[in-house]
Every structure is written in C-alpha cells, then in structure tokens.
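Observations on chain architecture
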Amino acid sequence: MSFSLSDDCGTCEDESQEEAEVARPLVSETEGSSTEVAEPRLGTGLIDTGDPATELGHSERQTWSRQMDFIMSCVGFAVGLGNVWRFPYLCYKNGGGVFLIPYLLMVFIGGVPVFFLEIALGQFMKQGGVATWNIAPLFKGLGLASMVIVFFCNTYYIMVLVWGLYFLAHSFTSPLPWATCGHEWNTVNCTTNFSRVCLNQSLASCLEHTGLRSSVMEFWERKVLRLSGGLDEVGDINGYLVLCLLATWVIVYFCIWKGVKSAGKVVYFTAVFPYLVLVVLFVHGVSLPGAVNGIIYYLKPDWSKLSEAQVWIDAATQIFFSYAIGLGALTALGSYNRFNNNCYQDAFILALINSGTSFFAGFVVFSVLGFMAAEQGVDISNVAESGPGLAFIAYPKAVSLMPLAPLWAALFFLMLLVLGLDSQFVGVEGFITGIMDMLPPKSFLGSQRREVVVAICCFTCFTIDLSMVTQVRQRLTGGMYVFQLFDYYSASGITLLWQAFWECVVVAWVYGADRFMDDVACMIGYRPLPYMKWCWSYVTPVVCMGVFMFHVVNYKRLVYNAVYVYPWWGEVLGWFLALSSMLCIPLTVLYKLLHCKGSLRERWQHLTTPVWGRHHLEFLPPENEARLLPKAEENKNTLLYESVI
C-alpha cells in the first residue's frame with residue numbers, strides 16, 4: 001500500500017506556519033548504492049544511510065516578500081522583446097486579425113497548461129533546475145536540459161541589450177547619426193532617399209539590387225556590428241561594444257546578487273516602465289500621418305490563411321517562445337512562492353498580460369511603420385520587418401523621420417533595454433537557482449556565498465560573449481554570425497518543443513496527472529479545471545510533437561540576411577548546441593537505468609519514486625507525519641527522508 005500527499009489535501013494546514021523559510025530536499029538518490037529496491041509501503045520514509053556525516057540541514061530558502069514580486073518577475077521574464085518585434089510581424093504575415101484564432105487556441109491548449117505546470121511544479125517541490133525533477137528522479141535530465149538552454153539564452157540574449165544600449169548612447173544628438181550619410185563608417189553608396197527606386201520592393205532587397213546602402217543599414221552593419229564577410233572572419237575586439245557588454249552584465253549582477261529579495265524589487269521598475277513607454281509611443285504613433293493605414297494593415301483579415309499549416313505552426317512556436325516555456329526559470333520563480341499561493345490563478349493572469357502585450361505592441365509598431373511607409377511613398381509591406389531588423393533598422397529609420405527624433409529614439413531604445421533586461425536577469429536568476437540547489441553544501445562552490453557564485457556565472461557568460469563583439473580581420477569567428485548561430489539552434493523552437501513535450505509526459509504519465517492535480521489542490525485548496533489534466537495528458541504533447549516534427553522535416557540551413565549561407569562546420573556547431581540540451585533527457589534516463597540494481601521493473605519503480613523535502617511533511621496529517629518522522633532516540637544525522645508513493 002502507498003500514501004500520497006494529495007490523499008489528505010483537505011487536512012493541509014494554513015501556510016502561515018511556513019513563513020518565509022522552506023527546506024531543500026533532504027535526500028539524494030540512492031540508485032546504484034544499494035543492492036535491493038525497497039518495496040513501496042505505507043510509511044516508507046526512513047532510510048538509514050550509515051553515514052553520520054550525512055547532512056539533513058533544513059537550509060533556509062528565500063521567499064518573495066510580496067506575491068506581487070512573483071507576478072512582476074514572471075511578467076518581466078515572459079514578456080520580452082519577442083512580444084514587440086516578433087508577434088506583430090507574424091500577425092500581419094499570417095492573415096492579420098485571423099491569426100488571433102490559431103494563436104488564442106494555442107494559448108489555451110499549449111501555453112497556459114505548460115506555463116501553469118512549470119510554476120506549480122516549482123512551487124510544490126520548492127526547488128529549481130535539476131532538483132525540481134525529484135518528483136520523478138529518473139527524468140532529472142529535464143532539469144539539466146532546461147539549465148543548458150537557459151545558459152545559452154543568458155549568453156546570447158544579452159547581446160540584444162548591448163546593441164540597444166549602444167543605440168541609446170547615440171540617441172542624444174541631432175540629427176541622429178544613422179539619419180544621415182557622410183560619417184566615417186559610411187560608403188559612397190550611402191543614401192537617405194530611396195523612395196523612388198524602392199517603390200515595389202522591401203528596403204533590404206531594393207538596396208541590394210541597386211547597389212545603394214541605407215544610412216541606417218550602414219550604421220547598423222558598419223558602425224555597430226562591423227560586420228565581417230562570414231563566420232570564419234574576425235579579429236580585433238570592438239571596444240565600444242565591450243564596454244556596453246560589461247556595463248550590461250554589471251547591471252544584471254547587481255540586480256540578482258542578493259537573490260529574490262533584491263530582484264523582486266527591481267522588477268517593479270523593469271516590468272512597469274516598458275508599458276508606460278509603449279503607451280506613450282502608441283499615443284504619439286497614432287497621431288502621425290499614415291498611422292491608421294498601418295494599423296488597418298496589421299489587423300486586415302485574410303481568411304484563406306487559416307488553411308495554411310505554416311500559420312498554425314507559427315502560432316504554436318510563438319507561444320512557446322513568448323511564454324518562455326522549457327527554460328526552467330518559471331519553476332525557479334515558482335519555487336520561491338509560499339506553498340499555498342494560488343499559482344493556478346496566477347497562470348491565467350500572466351497569460352492575459354503576456355498575450356495582451358503582444359497584441360497591443362502590434363498597434364505601436366504598425367502605427368509607426370504606416371507613418372514610415374507614407375513618408376517614403378512605399379507600401380507598408382516593404383518596410384515591415386521582424387526581429388533585430390525591426391528594432392535596429394526599420395524603427396530607427398522611422399524615428400529619424402519624426403519631429404524631436406532624439407527624444408523618441410531615446411525612449412524607444414530605453415524601453416528596449418529595460419524590456420530585455422528583466423528577461424535577462426530573471427533568466428540568470430533561474431540558472432543560479434538551479435546551480436545553488438544542485439551543489440552539495442560541502443563542495444567548493446556550494447560553500448561559497450551566493451554573490452560569489454553569481455559573479456562566476458556572469459563572468460563565464462561575459463567571456464563567451466566576447467566572441468560576439470568582434471571586428472573584421474583575421475580568420476576566426478565573426479561576431480554577428482556567432483549570435484545568429486546561438487539564436488537559431490541553442491534555444492530554437494525544436495529544443496523548446498522537445499522540452500515541453502517531455503515535461504507533460506513525465507508529469508502526466510510517470511508521476512500521474514490526477515496525482516499532480518491533487519497536489520495542486522493541496523496547495524491552492526481546490527482542483528483546477530479538468531481541461532488542464534487533459535491537456536497535460538493528451539492535447540499538449542500531441543501539439544508539441546506535431547510542431548516539433550514539422551520543424552525537423554522542413555529544416556533549412558541557416559542563412560544570414562538572405563545572402564550568407566553558413567559553412568558545414570558552422571551547421572555542425574549549431575546542431576551541437578541544440579543536441580547538447582535535447583540529449584540530456586534520454587542519456588540521463590539511460591545512465592540511471594544502467595546504474596541501478598534489480599530487474600527493469602524494479603529499477604523503474606525505484607527511479608520514478610518521488611524524493612520529498614521536509615516542507616512536504618509539514619503538510620501531512622498527524623497520523624501520517626508520525627510515521628515519517630524519526631524516533632526520538634534516533635540520531636537524525638544518520639537518516640534520510642524518502643517517501644515512496
């Protein structure tokens with residue numbers, strides 16, 4: 001017979017007893033360390049290790065000072081640059097307002113269920129990263145995979161902030177440096193008037209065929225990026241970008257070095273400020289000539305798009321990107337919640353904020369693009385861009401055409417910097433949480449102060465980032481091409497979908513969807529809607545695997561700016577980045593099964609047995625708690641608590 005926390009969730013005591021301190025899991029796995037696999041039975045919770053040195057310390061764990069700190073941190077992390085520069089472009093490209101149909105459907109069957117699952121899992125286990133998956137130790141590779149992905153994201157994502165800071169520093173001159181030719185970085189082909197020759201073409205393709213170069217394009221490629229001829233061409237370090245990179249990492253460090261107590265305060269500014277700027281930009285944008293045409297173009301429905309598979313694929317992929325699913329940071333943020341926090345309600349609130357921001361950002365972007373198209377006498381489709389092309393080419397060009405251009409440029413790039421900054425430091429916080437929870441207390445790093453571990457991680461990422469701020473000359477690695485390689489492979493749709501698929505499968509089919517629903521009820525006081533269980537068990541895994549296979553079958557080699565095709569060794573390096581996270585899951589399962597004793601069934605039973613922390617025991621009814629706690633005469637330092645469900 002077995003016991004479960006969820007069986008007696010109605011007797012859970014009030015969270016006030018927990019206050020702000022929560023225990024770490026008290027056990028490490030014993031697979032391979034014993035020759036017998038214990039049969040599950042009621043009260044199995046005391047295992048004598050025979051090691052008097054075993055630490056069972058009830059280490060303190062920070063919690064959010066206020067629940068709003070958690071909400072703002074999640075908003076800051078999940079609402080990022082993709083909401084501003086990717087969703088509006090996808091919306092207009094995939095049928096305007098019609099795109100909202102597949103998008104909202106994917107929100108409810110993919111985004112919200114997995115978003116809620118990750119937050120609830122972190123809150124229930126009170127751990128981040130690898131330790132979160134003590135709920136099914138055989139699949140701790142999921143924690144490793146998420147930490148690899150978020151490490152890569154932390155490494156390359158910050159470059160967008162570096163470029164934004166660089167543009168911001170150049171936004172306080174009139175005229176703006178990218179608005180005119182004649183600078184040292186400009187060529188003889190530089191032009192600011194291309195409306196006549198670019199009547200029916202996009203800016204990039206038009207200038208490519210005519211040989212002319214836009215002033216903003218030359219500022220971006222020759223001044224900011226100092227773009228080389230390929231992945232194998234580089235040389236000196238770009239000193240100005242290094243200073244911006246160093247400044248950005250210093251800001252990130254001091255935002256999170258004290259943990260959630262300090263980070264929870266910073267996010268109030270970094271999460272709210274971008275919304276204020278978006279509102280100001282929207283009010284200004286709709287007052288510009290041509291803005292209405294841009295908004296109409298953004299929302300104009302094309303019902304024929306609903307029959308195209310690519311539209312549904314784009315909707316699903318955008319959801320997993322914008323909701324930051326699979327990165328492990330959401331479980332880390334959830335682990336700092338009070339045990340009885342209503343994470344179910346939080347998930348819907350955060351989903352509404354996330355998707356609402358994406359939709360509203362489209363009005364801001366396309367009002368300005370409509371103005372830009374009207375000023376240049378071209379169609380809106382010829383100025384619409386996505387990603388860095390929108391942030392550092394199209395929008396700066398549009399701003400340069402406005403009155404008081406330096407003011408609007410400074411506001412836009414400050415918003416871009418702050419919008420990305422909170423995503424960055426929350427991502428780093430999630431990685432640090434996973435590292436700290438995984439390190440043995442008596443190891444070198446585990447014994448260090450948190451500030452030291454944060455400094456080591458930030459410095460490591462900074463060192464890798466130096467390869468992305470390089471100039472042209474010798475043959476090594478081109479900075480922008482390295483960034484594109486990380487962006488395309490390390491945290492791509494393929495890796496995130498793979499991660500989300502296995503998260504749903506493990507929770508729903510290995511641990512048990514009904515079981516987890518009961519555990520959630522023990523935390524929040526009631527069971528979530530059954531649709532959550534159905535999504536975890538059937539709908540979401542099918543959607544994830546379907547979109548995953550679509551990406552694999554339709555894989556295309558990486559091409560930069562529609563011109564430069566990456567060499568074969570660059571592609572191999574890219575797949576190494578992708579597989580370094582994806583293979584963590586099957587390889588960890590294989591390793592654990594091979595190093596555990598007993599028959600295959602016994603190994604599976606043992607390795608899928610959850611490992612609980614002491615905070616779980618605090619919410620057991622007295623009759624079960626008495627069976628789990630050690631006897632008074634026993635030395636607690638010789639015991640490990642491991643409950644078998």
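Under the annotation held in an unreviewed UniProt entry, the chain carries the name Transporter and is attributed to Cyprinus carpio. As recorded by UniProt, the Subcellular location (unreviewed entry) comment attached to the chain reads in full: "Membrane". UniProt annotates the chain under Sequence similarities (unreviewed entry) with the comment "Belongs to the sodium:neurotransmitter symporter (SNF) (TC 2.A.22) family."

**Brief notes about the confidence of the model for the chain**
Where the model shows low pLDDT, its predicted coordinates should not be examined in detail. Within the chain, residue pLDDT values average 78, and 78% of them lie at 70 or more. Taking the mean pLDDT of every element in the chain, the minimum, 29, falls on strand β1 (residues 46–48) and the maximum, 94, on helix α21 (residues 584–594). Ignoring residues within four places in sequence, the model shows residues 1–59, a span with pLDDT below 50, making 148 contacts including any to other chains. pLDDT under 50 marks residues 623–645. Its contacts with residues more than four places away, or in other chains, come to 75 contacts.

**With respect to the UniProt feature "binding site: Na(+)" (unreviewed entry) in the chain**
Following the UniProt record, one finds the feature "binding site: Na(+)" (unreviewed entry) at G76, A78, V79, N83, S322, N354, L419, D422 and S423. For this annotated set, covering 348 residues, all C-alpha atoms fall within 14.2 Å of each other, a compact arrangement in space. Following the sequence through the fold, N354 ends up in helix α13 (residues 343–376). Setting aside its immediate chain neighbours within four residues, N354 contacts A78, V79, N83, S322 and Y323. With respect to the secondary-structure elements, S423 resides in helix α15 (residues 405–438). The class for S423 is buried, based on a relative accessible area of 8%. Residues contacting S423, with those up to four places away along its chain left out, are G76, F77, V79, G80 and Y157. Only 2.9 Å separates the side chain of S423 from the backbone oxygen of G76, close enough to count as a polar contact.

**As for the packing of helix α5 (residues 141–169) against helix α20 (residues 568–582)**
At a closest axis distance of 7 Å, the pairing of α5 and α20 adopts a crossing angle of 145°. Contacts between α5 and α20 involve A145, V148, I149 and F152 on the former and, on the latter, L577, S580 and S581. A class-by-class count of the residues in the contact of α5 with α20 yields five nonpolar, two polar and no charged.

**Section: α13**
Along its 34 residues, α13 runs 49 Å from first to last C-alpha, staying within 8% of the 50 Å computed at 1.5 Å per residue. Across the 34 residues that make up α13, a large majority, 24, are buried. Phi turns positive, to about 70°, at G377, one or two residues after α13.

**Some words on helix α14 (residues 388–400)**
Taking 1.5 Å of rise per residue, 13 residues should cover 18 Å, and α14 covers 17 Å from first to last C-alpha, within 8% of that figure. Of all bends in α14, the biggest is about 30°, found at A394, and the proline P396 comes one to four residues later. The buried fraction of α14 is high, at twelve of 13 residues. The complete set of buried residues in α14 reads G389, L390, A391, F392, I393, A394, Y395, P396, K397, A398, V399 and S400.

Thresholds applied
- Residues numbered from 1 in each chain as written.
- Predicted model: local features only at pLDDT ≥ 70, side-chain atom pairs only at ≥ 80, totals over all residues.
- Heavy atoms only, no water.
- UniProt positions renumbered as here; feature names shortened; annotations may be inferred.
- pLDDT = per-residue confidence, 0-100.
- Helix = DSSP H or I, 4+ residues; strand = E, 2+ residues; numbered from the N terminus.
- Contact = heavy atoms within 4.5 Å.
- Buried < 20%, exposed > 50% of the residue type's maximum accessible area, 1.4 Å probe, protein only.
- Polar contact = N/O pair within 3.5 Å; in protein donor to acceptor, adjacent residues only side chain to side chain.
- Axes fitted to C-alpha atoms, helices over the stretch in contact; angles between N-to-C directions.
- Nonpolar A, V, L, I, M, F, W, Y, C, P; charged D, E, K, R; others polar.
- Expected span 1.5 Å × (residues − 1).
- Bend = angle between axes of the 7 residues up to and from the residue.

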